[in-house]
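Spelled out from the first residue to the last, the chains are:
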Amino acid sequence: MKLNKYEKFTDDLKEKLLNYNQVTGLVAVGSMSKKDHLPDEWSDHDFFVIVKSGYQKYFRENLSWLPDFENILLSFQETEHGLKVFYNNGHLIEFAVFDQEELFLAKINSYRILIDKANIKKNIEKIKDKTNIQTSSYSDNELLIEQFITNLVVGIGRYNRGEIISAHQFVKTSALKKLLLLIEKNNDLDKNIILDNLDPLRRFEFVYPELGAEINNLLLKPIPKAAEELLNILERELPEEIKIKHEKSINIIFEKYLK
């Protein structure tokens, strides 16, 4: 979707929702928030609609409040609160409908409040702070390295057993995510602000272009070689005091699994 059409969709969404007395808030998240990064032609619309208690089901099931409602090709409820809608022009939107209490179930990093009829700004700030605490707590160095090592062990084991699809998942997705979290957590680059603390894969190559290219290349290689190169990156990129405790485990992977 071209940027002018993207902005028009945002404006139309806001205008339509303002016509509903049951709607108390509209919050743009992700690239729609236009905070850490601007939307481009590949961006979808991500937002939260906050409604008065008792009206959540109506807004999840009756989508006539959406812009271009007549051009919806596919829509479904993916989670208890969230939906995805796909238009016949190829545009995708992802949104959740909450009341004020349910809103605290959400996770938020970047946001822009487009409608606020119930002083939701203070609650959104609380949710953002809570999200930051949660994401920092599950990115403990010790736990991440332990998860990285064991993800590789399971993945290589399944590869050797012939479970290639599962092996790809453990090595090139699960272990990779832990490694990227470790790199992002232990690097003080000012540009880290454009990274996504809810998804360590997002915009990684924008902040670390050379390393991003290296990782993209290794993902095309066979699983044992990809695992070996992920370990090499771990040893090269992380401070010695972080990885030294697990040196023996890393050596065992090289000696037992990657010979």
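Our structure is the block above this text.
Calculation rules
Residues numbered from 1 in each chain as written. Predicted model: local features only at pLDDT ≥ 70, side-chain atom pairs only at ≥ 80, totals over all residues. Heavy atoms only, no water. Helix = DSSP H or I, 4+ residues; strand = E, 2+ residues; numbered from the N terminus. Buried < 20%, exposed > 50% of the residue type's maximum accessible area, 1.4 Å probe, protein only. Contact = heavy atoms within 4.5 Å. Areas by Shrake-Rupley, 256 points an atom, 1.4 Å probe, with all protein chains shown as cover. Lys, Arg positive; Asp, Glu negative; His and termini not counted. Charge placed at Lys NZ, Arg CZ, Asp CG, Glu CD. Salt bridge = Lys/Arg side-chain N within 4 Å of Asp/Glu carboxyl O. Patch = residues over 30% accessible without salt bridge, like charges linked within 9 Å, V, L, I, M, F, W, Y side chains within 5 Å. Axes fitted to C-alpha atoms, helices over the stretch in contact; angles between N-to-C directions. Parallel < 35°, antiparallel > 145°, perpendicular 65-115°, else oblique. Left-handed = near helix turned anticlockwise from the far one by under 90°. Nonpolar A, V, L, I, M, F, W, Y, C, P; charged D, E, K, R; others polar. Pairing = 2+ DSSP bridges.

Visitor: Got a minute to help me understand the overall build of the chain in this structure?
Guide: Counting its regular elements, the chain contains ten helices and six strands. Along the three orthogonal principal directions, the C-alpha set of the chain runs to about 65 × 35 × 35 Å. Looking at the chain residue by residue over its 259 residues, the buried ones come to 43%. Taking as baseline every contact in the chain between residues at least 6 positions apart, the subset at least 24 positions apart corresponds to 58%. On the chain, roughly 13,900 Å² of surface is accessible, and the fraction owed to carbon and sulfur atoms is 51%. Computing the positive centroid from 36 side-chain charges and the negative centroid from 41, the chain places the two 2 Å apart.

Visitor: Whenever I open this one, unusual backbone geometry confuses me. Can you help?
Guide: Backbone geometry follows two general trends: most residues other than glycine have a negative phi, and most peptide bonds adopt the trans configuration. Although it is not a glycine, D68 sits at a positive phi angle of roughly 55 degrees. Within the fold, D68 resides in the loop between helix 2 (56-61) and strand 3 (72-77). Residue N119 is not a glycine yet carries a positive backbone phi of 55 degrees. Relative to the helices and strands, N119 is located in the loop between strand 6 (111-116) and helix 3 (121-137).

Visitor: Sorry if this is basic, but what is going on with the pattern of salt bridges here?
Guide: Side chains that differ in sign of charge can pair as their charged atoms come close. Within the structure shown, the criterion is met by eleven salt bridges. With a closest N to O distance of 2.9 Å, R236 and E237 form a salt bridge. The exposure class of R236 is partly exposed, given its relative accessible area of 46%. One connected set of salt bridges, linked through shared partners, spans E78, K84 and E94.

Visitor: Help me understand a nonpolar patch on the surface, please; the structure alone is not making it clear to me.
Guide: On the surface, L73, L74, F76 and F86 cluster together into a nonpolar patch covering about 370 Å² of accessible area. Ranked by residues supplied to the nonpolar patch, first place goes to strand 3 with three residues.

Visitor: Can you walk me through the packing of helix 7 (residues 209-218) against helix 8 (residues 223-237) in this structure?
Guide: The description of two helices packed together rests on the angle between their axes and the distance between the axes. Close contact between helix 7 and helix 8 brings their axes to 9 Å; oriented N to C, the two are set at 160 degrees. In terms of orientation, helix 7 and helix 8 fall into the roughly antiparallel class. Read as a crossing pair, helix 7 and helix 8 show a hand that is left-handed. Between helix 7 and helix 8, the contacting residues are L211, E214, I215 and L218 on the first element and A226, E229, L230, I233, R236 and E237 on the second. Split by residue class, the contact of helix 7 with helix 8 holds six nonpolar, no polar and four charged.

Visitor: When you look at the sheet that holds strand 2 (residues 45-51) in this model, what are you seeing that I'm missing?
Guide: Within a sheet, neighbouring strands are paired by backbone hydrogen bonds and run either parallel or antiparallel to one another. Spatial ordering of the open sheet is given by 3-4-5-2-1-6, a layout of six strands whose pairing is mixed. With partners counted over all chains shown, the strands left at the sheet margins are strand 3 and strand 6, one partner each. Taken over all neighbouring pairs, the strand axes of this sheet differ in orientation by 20 degrees on average, direction set aside. One ladder, built from six bridges, connects strand 1 (residues 23-29) with strand 2; its direction is antiparallel. By the bridge assignment for strand 2, V29 is matched with D46.

Visitor: Honestly, the environment of P39 in this entry has me stumped. Any pointers?
Guide: Among the structural elements, P39 can be located in the loop between strand 1 and strand 2. For P39, a relative accessible area of 8% puts it in the buried group. The spatial distance from the C-alpha of P39 to the C-alpha of Y20 is 27 Å, given a sequence separation of 19 residues. Not counting residues up to four positions away in its chain, the partners in contact with P39 are L3, Y6, S31 and K34.

Visitor: Can you walk me through the packing of helix 8 against helix 10 (residues 247-257) in this structure?
Guide: It is the contact of helix 8 with helix 10, at a shortest axis distance of 11 Å, that shows an interaxial angle of 155 degrees. When the axes of helix 8 and helix 10 are compared, the pair comes out roughly antiparallel. In terms of crossing hand, the pair formed by helix 8 and helix 10 is left-handed. Judged by residue contacts, E228, L231, N232, L234 and E235 of helix 8 engage I250, I253 and F254 from helix 10. The residue makeup of the contact of helix 8 with helix 10, split by class, is five nonpolar, one polar and two charged.

Visitor: Before we go on, may I ask you to explain the pairing of strand 1 in this structure?
Guide: Moving residue by residue along a regular strand, the side chains alternate between the two faces of the sheet. Most of strand 1 is tucked away, with seven of its seven residues classed as buried. Relative to strand 6, strand 1 runs antiparallel, the two being bridged by five bridges. Directly across from L26, in strand 6, lies its bridge partner I115.

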